[in-house]
Amino acid sequence: MCGIVGYTGTQEAAPILLEGLKKLEYRGYDSAGIAVLNDNLLAVSKVTGRIANLCEKTADGKNCPGTVGIGHTRWATHGAPTDTNAHPHMSNDGKFAVVHNGIIENYIALREELIQKGYHFDSETDTEVIVHLIEMYYTGDLKKAVIRMSARLCGSYALGVVCTDEPEKVYVVREASPLIIGVGVGENYFASDVTALVSYTRNAIYLDDGEFAEITPETIVVFNPAGHPIIKKISRITWDVQSAEKGGYEHFMLKEIVEQPRAIKAAIAPRIKNGDIALDEAELTTEYLESVNKIVITACGSAYYAGCAGKYAMEKLCRIPVQVELASELRYNDPLIDEHTLLIVLSQSGETADTIAAMKECKKRGAKTLAVVNVVGSTIANTADYTLYTWAGPEIAVATTKGYTTQVSVLYMFALYVAKKMNRIDKEHYEKLLKILSTLPKKVQETLDMNSAIPALAKKYHNADSMFFIGRNTDYAVALEGALKMKEISYIHAESYAAGELKHGTIALIEDHQPVIALCCNESIMEKTMSNIVEVKARGAEVLAVTFKDNQKMVPLADDMIFIPKMDAIFAAAVEIVPLQLLAYYVAKENGCDIDKPKNLAKSVTVE
Ligand code: F6R
C-alpha cells in the first residue's frame, strides 16, 4: 500500500528519493517523508498530503543535503494521515530512522513492552515499534540489531533502516511485502516497486520473504533470516522509463486504456507459435489435466471480475466446473480444495495480501497453482507452481484497465489451450477461436476508434446519483467490472445486476431518468436483455446500451449507444469493457475527480 525508497552513493540523496516517491505515489498518497544522513546526523522532513508538498517543503531536496537516505509515501492504516504519523520514524536517541510498508500485527504488545522499558512514542503507527526495537537491540552492530528486531515482528513488512553510527549503510528487510534492490555503479538503491528504480538502473535483486540486506555505495550483501550471506541473482528490469510516465496524456488511466491493444498483443501474440498455443511457462500435461475435477479462480476486486469473465470461456470450452472465489473469503472458508483442484490466481501487482493468503491456503490443501500476474518477480509469481505473466507493462493509475484486459485475455488463451490438450474441441473450432483470440488487439483498437462520442455522453450522465449496469452471461461479467470502474474513479454509486435479477427486487429502484447501462454484446441472450431494457424504460430509465456497431435492433430501445465491433461473445469481455473504462474516465473528469489517485484507494493492497 505504501511506497518506500532508499539511496546510498555519492550523489545528493534527497532529489533521488523525491523522484522515486513521485513514481510510487500511486501506492499511497496521504502523507510522505524522507530522512537523509549528513555529517552523522539525520535530517527528517515529513508532510501531510502529496509528494508535491514534500518537494515544496524541502525545496526539491536542496534543504536536505547528504548522500544516504530513505523515503516513504503513505496510505494510512494505523493512525490518521498527519505529519507525525508520516514516515520515516526516528528512535528516541535520534540515531535510527525507519520507513515501512506493511502491517505489524503484534504492535500493541510490543508498544506496551517498549513503553514499560522507557521508550516514548510520538506517533499512533504500528511502525514506530520497529525503530525503538532497533534502538533497544543496538550494541554497535546494526546487522545484529536488525536480526533481533525482525525476530520480534509478526505481520508484513518491507523496511528501510539508516543509522548515524554506520553512515554509508542502508539496511532493508522483507517479509510478505515487496522489496527490490536496484544495483548501480558506486551507488545503490532500493524500492518497493521497480518503477522507482528504472530511471537509475535496470539491474535488480528481488528479496524473498525473511531475507535482509546491507547496502553500501559499493556493496550489496543479502542475508537469510539467520544472518548468513546468500547469493542472489541479478535480474534485468525490462520495463522502460517511458512506460512509467504519462507520455503526453492527461492521466495515466487514459494512457493505459489506450495502451490496451499493445498490452493484449504482448500477452497473447508471443504465445501463439506455428498456429498453436505454446504456454512454455505452464506446460500442464494431459494426464494432470484429466485428474483435475474443478478449477477455482481466486482474486480480489477487478482481478476477481476478470476471473468471472474467464469462467464462461473456460467452462464452455473445457467442460470443467469453474468456481470464482473472492480471495478474502476463500482464505477463511475452509475451502473444499485438494490435489484434484487447479487453482488459478489472478493479480496485476502480484502482492495482494488476501490473494497471497488464499493461494497459500489452497497450496497447503494440495492444489496446483497457476498465477496470472503482471509484475515480474512478485510474491504471487514466485509462490505459484506456474506463472503466466500478462506483460501489460507498468500500470500506474490506481484503477486497473490494461491489467484487467490482459488477465482476461490470458484466461481465454488458457481455456483454449486446455480444451485442446483435453481433446474437448475439434480442430476447426480451435482454429476459428484462435483466430478470434489473435484479433483481440485489433478489436480493442477499433473500439477505441469508434467511441469518440463518449466524452459527450459523459457530459449527459455525470450528474447521476447512481447507475445500474445490467447484462446477462458474459455481458453480466463485464457489468461487474464496468460498475466498479464507475464507482472507484467518479464516486458515483453504481450497481451491477444480472439483468434477469431485476424483477426480483431491484427494479423497485428504477424511476424517471435513472441511468441504466445495458450490456448487449452476447447475441445468444441479447433478446432477453432487450426485454429487460423495455421493462426499465417503461419505468422511466434512461438507457445507455453497449452493443455492436450498427445493431439496428437496439436503435428504437436505447436512449444512447456505445459500441464494440461485432464479435463472438466467448472472447468479448476484453473488448466490451473498453467503452465502459472510457465512460468512467470521462464521467470522473467531468466531475473533477482525481482520476489516477481516487480517494481512500491505493494501487497494491498489501494488507488484509
Ligand atoms: C480496481 C482495482 C482493484 C484491483 C484489486 C486486486 O480498479 O484495481 O480492484 O483489481 O485490488 O489487485 P491485484 O490485481 O494487484 O491483485
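Higher on the page you've got the structure.
Definitions and limits used
Residues numbered from 1 in each chain as written. Predicted model: local features only at pLDDT ≥ 70, side-chain atom pairs only at ≥ 80, totals over all residues. Heavy atoms only, no water. Core = buried A, V, L, I, M, F, W, Y, C linked by side-chain atoms within 4.5 Å. Buried < 20%, exposed > 50% of the residue type's maximum accessible area, 1.4 Å probe, protein only. Helix = DSSP H or I, 4+ residues; strand = E, 2+ residues; numbered from the N terminus. Domains from an automatic or database assignment. Contact = heavy atoms within 4.5 Å. Pairing = 2+ DSSP bridges. Axes fitted to C-alpha atoms, helices over the stretch in contact; angles between N-to-C directions. Near = heavy atom within 4 Å. Polar contact = N/O pair within 3.5 Å; in protein donor to acceptor, adjacent residues only side chain to side chain. Areas by Shrake-Rupley, 256 points an atom, 1.4 Å probe, with all protein chains shown as cover. Nonpolar A, V, L, I, M, F, W, Y, C, P; charged D, E, K, R; others polar.

Help me understand the nonpolar core, please; the structure alone is not making it clear to me.
Buried together is how nonpolar side chains tend to be arranged in soluble globular proteins. If you look at the biggest cluster of nonpolar residues, it comprises 128 residues, and the most contacted ones within it are Met314, Leu317, Ile344, Phe414, Leu416, Leu440 and Phe571. When residues of this core are assigned to their parent elements, the largest contribution, 13 residues, is made by helix 19 (residues 573-590). Each of two domains, domain 2 (252-438) and domain 3 (454-590), supplies a minimum of three residues to this core. Leave out the neighbours within four places in its chain, and Met314 touches Ile295, Ile297, Arg319, Val322, Ile344, Leu411, Phe414 and Ala415.

Please explain the sheet that holds strand 5 (residues 89-90) as it appears in this structure.
Spatial ordering of the open sheet is given by 5-6-7-8-12-13-14, a layout of seven strands whose pairing is antiparallel. At either end of the open sheet lies a strand with only one pairing partner, and these are strand 5 and strand 14 (229-230). The pairing of strand 13 (residues 220-223) with strand 14 spans two bridges and is antiparallel. Following the sheet pairing, Val222 is matched in strand 14 by Ile230.

What should I look at first to understand the sheet that holds strand 26 (residues 542-548) in this one?
Within a sheet, adjacent strands bond to each other through the backbone by hydrogen bonds, running parallel or antiparallel. The five strands lie next to each other as 24-23-25-26-27, forming an open sheet whose pairing is parallel. Edge strands, defined here as strands with exactly one partner in the open sheet, are strand 24 (493-498) and strand 27 (560-564). Within this sheet the neighbouring strands show an average axis-to-axis angle of 20°, counted without direction. When strand 26 meets strand 27, the two strands line up parallel, connected through five bridges.

How do you make sense of the site of the ligand when you look at a structure like this?
Around the ligand lies a shell of 14 residues, among which Ser347, Gln348, Ser349, Thr352 and Glu488 are the nearest. A distance of 3.5 Å separates an oxygen atom of the ligand from a polar atom in the backbone of Ala303. Ser347 places a side-chain nitrogen or oxygen 2.6 Å from an oxygen atom of the ligand. Out of a free accessible area of 400 Å², the ligand has 89% covered by protein chains. Of all the secondary structure elements, the ones that give two or more residues to the shell around the ligand are helix 9 (301-318) and helix 17 (474-490). The leading source of residues in the shell around the ligand is helix 9, at three residues. Of the residues contributing to the shell around the ligand, the split by class is four nonpolar, eight polar and two charged.

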